[in-house]
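# Understanding the architecture of this molecule
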Amino acid sequence: MVPASVEGACWIVGREAPVTVYLVGAGPGDPGLLTLRGAEVLARAEVVVHDRLADASLLDLAPPGAQRVDVGKSPGGPVRQDDITDLLVAKGLAGAAVVRLKGGDPFVFGRGGEEALALASAGIPFEIVPGVTSAVAVPAYAGVPVTHRGLSASFTVVTGHSRPAVEADVNWEALAQVGGTIVVLMGVAHRDLISARLQAGGMPASTPVIAVRWGTRPEQHSVRTTLAGLPGVAVEPPATMVIGAVAGLDLAWYTRRPLLGRRVVVTRAPDQASQLSTRLRDLGARPIEVPAISLAPPADGGAALGAAARSLAEGRYRWVVFTSANAVDRLFAQLRDARAFGGAAVAAIGPGTGEALAAKGIVPDLVPARSVAEGLLAAFPAPATPGSRVMLPRAAVAREVLPDGLRDAGWSVDIVEAYRTVPASPDPALLDAAATADAICFTSASTVTNYIAAAGADRIPPVVASIGPVTTAAAVDAGITVAVEASEHTVAGLVDAVTAALAPSGLATGG
Ligand code: SAH
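Scope of this entry: the structure provided in the associated data block. Within each chain, residue numbers correspond to sequence positions counted from 1 in written order. Where totals are concerned, whole chains, interfaces and linings use all residues; where local detail is concerned, this predicted model gives features only for residues with pLDDT of at least 70, and gives and counts side-chain atom pairs only at 80 or more. Each side-chain value is worked out from all heavy atoms of the structure, with water and hydrogens disregarded.

### Observations concerning the overall build of the protein chain
Assigned secondary structure in the protein chain consists of 19 helices and 20 strands. Dimensions of the protein chain, computed from the C-alpha atoms along their principal axes, are close to 90 × 55 × 45 Å. The rule is simple: take the accessible area with a 1.4 Å probe, protein chains only, and divide by the maximum for that residue type; under 20% is buried, over 50% is exposed, in between is partly exposed. Sorting the 511 residues of the protein chain into buried and exposed places 50% on the buried side. Any two residues whose heavy atoms approach within 4.5 Å are treated as being in contact. A separation threshold of at least 6 residues defines the contact pool for the protein chain, and within that pool the share at least 24 residues apart is 69%. The protein chains shown are the only cover counted for residues, whose accessible areas, like all others here, come from Shrake-Rupley with a 1.4 Å probe. Just so you have it, the protein chain exposes about 22600 Å², and 56% of that area is on carbon and sulfur atoms. As used throughout, the charge tally considers Lys and Arg to be positive and Asp and Glu to be negative, leaving His and the chain termini uncounted. To locate a charge, take atom NZ for lysine, CZ for arginine, CG for aspartate or CD for glutamate. Where the 40 positive side-chain charges of the protein chain centre and where its 46 negative ones centre are 2 Å apart. Helix and strand definitions here come from DSSP, where helices need a minimum of 4 consecutive H or I residues and strands a minimum of 2 consecutive E residues; each element is numbered from the N-terminal end.

### Looking at the sheet that holds strand β19 (residues 463-466)
Two strands are counted as paired when DSSP detects at least two bridges linking them. Strand order in the open sheet formed by five strands is β12-β11-β18-β19-β20, and the pairing between neighbours is parallel. Edge positions in the sheet fall to β12 (286-289) and β20 (484-485), since each of these pairs with one other strand and no more. All axes here are fitted lines through C-alpha atoms, helices being fitted over the stretch that makes contact, and every angle between N-to-C directions spans 0 to 180 degrees. Packed onto the sheet, helix α16 (residues 428-435) meets β11 (263-266) and β12 and runs at close to 140° relative to β12.

### A look at the site of the ligand
When we say a residue is near a molecule or strand, we mean one of its heavy atoms is within 4 Å of it. Among the 18 residues in the neighbourhood of the ligand, the closest are listed as Val-108, Thr-133, Ser-134, Gly-215 and Ala-239. Here a polar contact is recorded for every N or O atom pair within 3.5 Å, except that within protein the pair must consist of a potential hydrogen donor and a potential acceptor, and residues adjacent in sequence are included only if both atoms are side-chain atoms. For the ligand, a nitrogen atom lies 3.0 Å from a polar atom in the backbone of Gly-103. In the environment of the ligand, an oxygen atom lies 2.5 Å from a nitrogen or oxygen atom belonging to the side chain of Ser-134. For the ligand, whose accessible area on its own is 550 Å², the fraction buried by protein is 92%. Elements represented by at least two residues in the shell around the ligand include exactly α6 (134-141) and β10 (239-243). Domains are outlined according to an automatic or database domain assignment. Residue contributions to the shell around the ligand reach at least three from each of two domains, namely domain 1 (4-131) and domain 2 (136-255).

### Quick look at the nonpolar core
Among the buried residues, those of types Ala, Val, Leu, Ile, Met, Phe, Trp, Tyr and Cys that are joined through side-chain atoms within 4.5 Å form a nonpolar core. Counting 26 residues, the largest nonpolar core has Leu-312, Val-320, Phe-322, Leu-331, Phe-341, Leu-357 and Met-391 as the members making the most contacts within it. Elements supplying a minimum of two residues to this core: α11 (303-313), β14 (319-322), α12 (325-334), β15 (345-348), α13 (351-359), β16 (389-395) and β17 (412-423). Residues within four places of Leu-312 in sequence aside, it is in contact with Tyr-317, Val-320, Leu-331, Leu-335, Ala-340, Phe-341, Ala-344 and Met-391.

### Some remarks on unusual backbone geometry
A cis amide bond links Pro-237 with the next residue in sequence, Pro-238, at an omega value of -5°. For Pro-238, the position within the fold is in the loop between β9 (221-226) and β10. For Arg-111, which is not glycine, the phi torsion reads 60° and is therefore positive. Given the relative accessible area of 44%, Arg-111 is considered partly exposed. Although it is not a glycine, Met-186 adopts a positive phi angle of roughly 60°. Relative to the helices and strands, Met-186 resides in the loop between β7 (181-185) and α9 (191-200).

### Focus on the pairing of strand β4 (residues 98-102)
Walk down a regular strand and you will see the side chains alternate between the two sheet faces. Within β4, five of the five residues are buried, which leaves the element mostly enclosed by the surrounding structure. Bridging between strand β1 (residues 21-25) and β4 involves five bridges; their strand directions are parallel. Looking across to β4, one finds that Val-24 is bridged to Leu-101. In terms of strand pairing, strand β2 (residues 47-50) meets β4 through four bridges, oriented parallel. Of the residues in β4, the one forming a bridge with Val-49 is Arg-100.

### Observations regarding the packing of α11 against α12
Orientation of α11 relative to α12, taken along the N-to-C sense of each, is 70°, at an axis distance of 9 Å. Taken together, the axes of α11 and α12 lie roughly perpendicular to each other. Note on element contacts: α12 touches α11 through Arg-330, Leu-331 and Gln-334, opposite Leu-305, Gly-306, Ala-309 and Leu-312. Looking at the contact of α11 with α12 residue by residue, the class counts come to four nonpolar, two polar and one charged. Angle categories are assigned with fixed cut-offs, so that under 35 degrees is roughly parallel, over 145 is roughly antiparallel, 65 to 115 is roughly perpendicular, and the rest are oblique. Any residue outside Ala, Val, Leu, Ile, Met, Phe, Trp, Tyr, Cys, Pro, Asp, Glu, Lys and Arg is labelled polar, Gly included; the first ten of those are nonpolar and the last four are charged.

This is the structure we're talking about:
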């Protein structure tokens with residue numbers, strides 16, 4: 001039967017009014033499983049009404065000023081569905097851009113249908129943004145395909161939510177005869193009954209079963225058993241159970257990543273942190289970004305850098321030497337035309353800086369094998385004409401080894417202030433979370449000193465990883481033991497080092 005309110009909603013076709021309420025599937029946990037459309041509507045939400053299962057970082061996609069309403073948690077347990085629906089209708093009628101963020105897919109046991117019906121009958125335009133359902137994604141993250149040639153030609157998703165539902169709403173005996181995969185959501189508490197009913201329907205006691213708790217999240221944990229063994233295994237909700245021959249496959253990948261669930265503090269300035277965090281996340285880690293420094297414009301507002309950029313265009317420099325990607329970005333911001341480099345040769349202290357140059361269309365003429373000032377000096381040519389000029393755009397405070405060495409070699413060096421690093425004041429709650437992390441990555445001497453000043457030397461995670469010798473020296477000076485130093489002084493090298501320190505065997509085990 002079609003409820004009357006759905007018929008009443010026909011006017012939505014060809015509507016003029018803008019959509020105000022979006023029912024968005026957040027996916028089962030891994031924030032990467034949110035759809036592009038979901039991210040788009042979150043980015044312009046004024047109100048976000050979210051469940052408990054939605055990953056907290058998804059909420060960061062909404063504008064900072066957006067109202068966030070957690071309907072998964074409240075002192076008396078979860079908010080009642082009627083109250084959620086009333087809230088959506090009230091906010092929708094007020095014309096706010098509302099995102100209702102739901103675990104998995106909104107229409108797979110998500111009560112999204114009820115919410116959409118209420119919106120339709122209140123005349124509120126809405127949009128459904130489907131999500132990646134746990135029914136498919138959780139098995140996939142546990143290495144179980146829900147269909148597989150020769151093993152299963154169908155899958156059925158059923159609820160095991162309440163005793164009456166398990167007893168009356170699902171025809172388990174019939175399901176047992178289908179021969180395909182059975183995916184049970186919300187069924188952990190009634191697994192004894194489910195097992196008995198399926199066996200009564202003729203499903204073999206030896207049928208493989210996998211129960212996956214907190215799938216797609218760092219805490220993911222699987223238990224493998226059989227239909228007969230299911231009542232006796234220990235498993236807690238929220239879990240997805242997969243029953244059928246496919247549950248005997250083990251294509252585990254997610255839990256094999258070497259840093260699975262390890263918490264690693266990333267201390268770079270916010271605009272630099274993402275590359276390091278992304279690489280750590282790819283290996284399964286949970287990065288905690290604590291900016292120890294922030295980048296600020298030079299004290300003179302960039303006047304000296306602008307003048308140096310003009311001198312470069314006039315052909316006054318033989319070399320430009322970059323010691324950081326920041327300096328590359330700041331100098332390029334002052335250039336109107338990359339041909340300003342004209343006849344000047346370009347050096348990068350290491351591969352990271354070299355990549356920043358390559359992104360601007362400049363292939364460095366010199367990248368030393370050792371990514372430190374001493375390595376660059378060793379590789380740097382002597383001037384053909386003594387007193388030829390070198391531009392060194394860099395942070396306000398930096399080591400003097402490089403300019404001194406270049407001058408000793410006969411170059412005339414202009415140090416140009418391209419940016420300043422200033423201490424950041426991290427949120428105390430973030431510092432508390434960071435104190436209990438597994439490891440911390442330091443990428444420069446200034447991140448070391450500023451982090452220790454903010455957090456305290458006694459609240460440094462057990463494994464300290466450093467990008468190179470200068471950073472290590474700063475840590476040692478501050479009384480910190482460095483567990484591992486990157487052999488290649490780049491973000492990739494640092495990630496390799498921290499991986500070696502945290503997962504010496506290379507592979508984590510378990511499902
Ligand atoms: N709409 C959701 C399902 C809501 S019902 C979706 O499409 O995924 C909630 C149930 O989904 C849980 O009880 C559990 O059985 C399953 N579930 C959701 N997230 C899960 C996760 N991360 N790991 C395992 N099971 C999960």
